[in-house]
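Examining the three-dimensional arrangement
Residue strings, one per chain:
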Amino acid sequence: MVRVDRAKPGADTFKREDVAESGRAEEDLQETKELFGVLVESALTGIYLIQDDRFRYVNPAAAKMFGYTAAEMMNNLSPLDVVHPADRPLVQENLRRRIDGEFVEAHYQFRGLRKDGSSFSVLVQSRSIQLAGKIGVMGTLVDNSDIQRAMDKLRESEAKSEEMQRLAHVGWWEADFRTERMSLSEEVCRSFGVQPDDLPAWRGRWLELVHPEDRARAAEAAAASVRGGPRLDVEYRVVRPDGAVRIVHIRGNVTRDGSGRPLRHFGVLQDITELRRAEDELRASEERFRALVQFSFDVYWETDAEHRFIRQEYVRDLADTPAPGAEIGKTRWEVPYLEPDEEAWRRHRETLDAHLPFRDFELVRPTPDGGRRYVSVSGLPVFDQAGRFVGYRGVGRSTTAQKRAQEALREMQAQVRRLVEANIIGIETWHVDGRILEANDAYLRILGYSREDLVSGLLRWPDLTPPESLDISFARFEEVKRTGIWQTHQKEYFRKDGSRVPVLIGATLLDEERGVSFVVDLTEQKRAEDALREAQMQLAHANRLETMGQLTASIAHEVNQPIAATMTNAQTALRWLSFDPPNMDGAREALDNIVRDAARAGDVVHRIRNLTRRARTPHDRLEINAAVQEVIELTHTEAMRNGVSVRTELAEGLPPVRGDRVELQQVVLNLILNAVEAMSGMSEGPRELRIATSKTDAGDILVAVSDSGPGLAPAVQENLFKAFHTTKPNGLGLGLSICRSIVESHGGRLWASANAPRGAVFQFTLPV
Ligand code: ADP
């Protein structure tokens, strides 16, 4: 310990006790004193001595530090006077403990308080000393402000770096292979969702946090870079313990010792989740935009400030597009065009030069095959951030198909007009409220009205329509509104003279309330139909007569028989009456027989008369079995004459059918006679005729006539129902064709097939 006599400031204040005798020693001492004085006084470090709570000594550097002169401080100021109030307890405590001898040396930092009130950081290194029997504290002071500032700056820059890492989602990580220690920056911890305390287990754990699908790849990349392979540069997904998925990009470098052993693996991690999400969002939005453009337009384009194309993106699969790039660098009007004219182009360019938006600018380009390509273009001006015009951006649509459709429509309209004006069919447009709005001459002619009648508003279609078909007209109108289809139907119109005209009418709606009708006059057709029906009837009648002709012999027999019996019975009666007394009972019996036979003959004649009648009978409800039975009776003799046995199987409880009795009987008669005739030519085998009625699964009546004749040769079967097809020398070949038209006019079907074991079956159905 240095012992100091007195604490008098100045260069000459120190004196060593044990050097006192010789002058030489005096001189040396003097020199040393001066040397120390100079050193202390000129030291850059502040030096002080405190005793009795006062600065006993401060060197100039110390005084300057606090903004005082040494004189101002020495013996005047207490050490606490130059300490920032907040640090005074700290300093005081330090001084006290030294003076109390608790410890000797101290090394600490406090905030100094300058004379002008400002504060600064002071580093103090001090120790307690014994001087002139008194404990004091001496030490050195260093202005720490610069270092403090540097430290603050460092801390600030560290904080900034942390903040930057957080904002940029960048972090660092380091693995020390010697100590097995792992260090992670905060951002890395955040990305993986781990706490810094988890770190000891980190090296074994991080792979578990990598998405299972990316795990093998991530592990391999890390292992490869440690082995000396490529630098670690890998992107993978992290599944945080809380389940959230992050995407990270890792890059790292391995440092090695001289022998190539890895020492350290240091790298950075960038959390690119948001980036990827933003990219995905951007891509999705671009796809949405693209889809929108693709579905709405055929081309997206951009032009520069001079209106030259810099970009063109055509929808795929679009016909007629120019070769890719062919129009780049050219203005719209430098690409060959057919339309519009110069004036329209001038106006378009005016718009462009004024940097105004434009919409549906239409132009026509020539196509290589000499055709026309119609295009409609719209564009918006684009300005940069400084507001300078940089070009246009817009879309285009190929309107060729639309134009063609328009032309086709125009052509169609022209055709419709020609159709209207040709006056082949009547055409009217009408309002659902009853007005006839327009009509062509043919329409007026059919109805016998004049154009003046039409103009006067006299014509209303409900007045022209007979009451019984008004409902049908309204129903058709509702139907066309619902289905869009107007079923053509026949109806009648009242003509101006009150007579009726049959028409065929078809219509379609023009809008909610108006429609157009096409009217064909059916007068001629009706007349022709009537004539045809008449001819058919006469033909059928002729056929009946012919068929009956075949029965002449049988019918003669049928009629002759009761007449002959009558003769016999009359003679018998006469004989009974000639007895005396007359045998009245016998005579009565004979007379009864006469009455019965006469009735039988009458029946036959009645039926024949019916069948040979010309007139059409109205369609009535009739029992099919009764009608068939009558025919069988009529042909009974004919069958017997030809050695044919007849079997009937008539189903009971059949519902009545609606039809013309005579016509249906004609069919059965024809089929029976054909069968009998077919069998009559046979030299051997049984001759069996079977007539059956039944009900089909569909509920129709079925009548079948089967024979055991030669059957139908294929060539015959094909033409069976054609008129004038016959294999008989005297045949007309009309029977079956008439039968078929009769059955079909009753809504039924007639057909022939083979019978087993031989022969043919003819059967027909009739709806109930
Ligand atoms: P037609 O009796 O005047 O010849 P049809 O139209 O009644 O006229 O008959 C046409 C042809 O059909 C007959 O010539 C005959 O060859 C054939 N045909 C009709 N019915 C039978 C049948 N049951 N068996 C065999 N062939 C038949």
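The shown structure was predicted, so the numbers you read here are calculated from the model rather than taken from an experiment. (Residues numbered from 1 in each chain as written. Predicted model: local features only at pLDDT ≥ 70, side-chain atom pairs only at ≥ 80, totals over all residues. Heavy atoms only, no water.)

Further remarks concern the overall build of the protein. When you go through the protein residue by residue, the secondary structure sums to 22 helices and 27 strands. Its C-alpha atoms give the protein a radius of gyration of 64 Å, more than 25% over the compact-globule value 27 Å for 768 residues. Expressed along its principal axes, the backbone C-alpha trace of the protein runs to roughly 225 × 75 × 55 Å. Burial status across the protein gives 38% buried among its 768 residues. The long-range fraction of contacts in the protein, counting pairs at least 24 apart against all pairs at least 6 apart in sequence, stands at 51%. Carbon and sulfur atoms make up 54% of the accessible area of the protein, which amounts to about 44400 Å² in all. (Helix = DSSP H or I, 4+ residues; strand = E, 2+ residues; numbered from the N terminus. Rg over C-alpha atoms; globule rule 2.2 N^0.38 Å. Buried < 20%, exposed > 50% of the residue type's maximum accessible area, 1.4 Å probe, protein only. Contact = heavy atoms within 4.5 Å. Areas by Shrake-Rupley, 256 points an atom, 1.4 Å probe, with all protein chains shown as cover.)

Once that is clear, we can look at unusual backbone geometry. Cis peptide bonds are those with omega within 30 degrees of zero, and the linkage from Glu-339 to Pro-340 qualifies with 0°. Along the polypeptide, Pro-340 turns up in the loop between strand S12 (309-314) and helix H10 (342-353). With omega at 0°, the peptide bond leading from Asp-580 into Pro-581 counts as cis. Its place among the elements puts Pro-581 in the loop between helix H17 (552-578) and helix H18 (584-612). Its identity is not glycine, yet Asp-360 carries a phi of approximately 50°, on the positive side. Although it is not a glycine, Asn-423 sits at a positive phi angle of roughly 55°. Take Asn-423: it is sitting in the loop between helix H11 (400-422) and strand S16 (426-431). Residue Asn-423 is classed as buried on the basis of its relative accessible area, which comes to 16%.

With that settled, consider the environment of Asp-298. Structurally, the position occupied by Asp-298 is in the loop between helix H9 (273-296) and strand S11 (299-303). The class for Asp-298 is buried, based on a relative accessible area of 16%. Distance in space between the C-alpha atoms of Asp-298 and Lys-722 is 62 Å, their sequence separation being 424 residues. Residue contacts for Asp-298: discarding those within four places in its chain leaves Glu-313, Tyr-314, Val-315, Leu-318, Gly-396, Arg-397 and Ser-398. At a separation of 2.5 Å, a polar atom in the side chain of Asp-298 contacts the main-chain amide nitrogen of Ser-398. (Polar contact = N/O pair within 3.5 Å; in protein donor to acceptor, adjacent residues only side chain to side chain.)

Under the defined criterion, the tally for this structure stands at 20 aromatic pairs. Between Trp-333 and Trp-345, the ring centres sit 6.2 Å apart and the planes meet at 65°, which makes this aromatic pair edge-to-face. Here the residue Trp-333 occupies a position in the loop between S12 and H10, and Trp-345 occupies one in helix H10, the gap between them amounting to 12 residues. Pairing Trp-430 with Phe-477 gives two aromatic rings, centres 5.7 Å apart and planes at 65°, and the pair type is edge-to-face. Of this pair, Trp-430 sits in strand S16 while Phe-477 is found in helix H15 (residues 467-483), placing the two residues 47 residues apart along the sequence. Per residue, the accessibility class of Trp-430 equals that of Phe-477, and both read buried. The rings of Trp-301, Phe-309, Phe-358, Phe-383, Phe-389 and Tyr-392 are connected pair by pair, giving a single aromatic cluster. (Phe/Tyr/Trp six-rings, centres within 6.5 Å; stacked < 30°, edge-to-face > 60°.)

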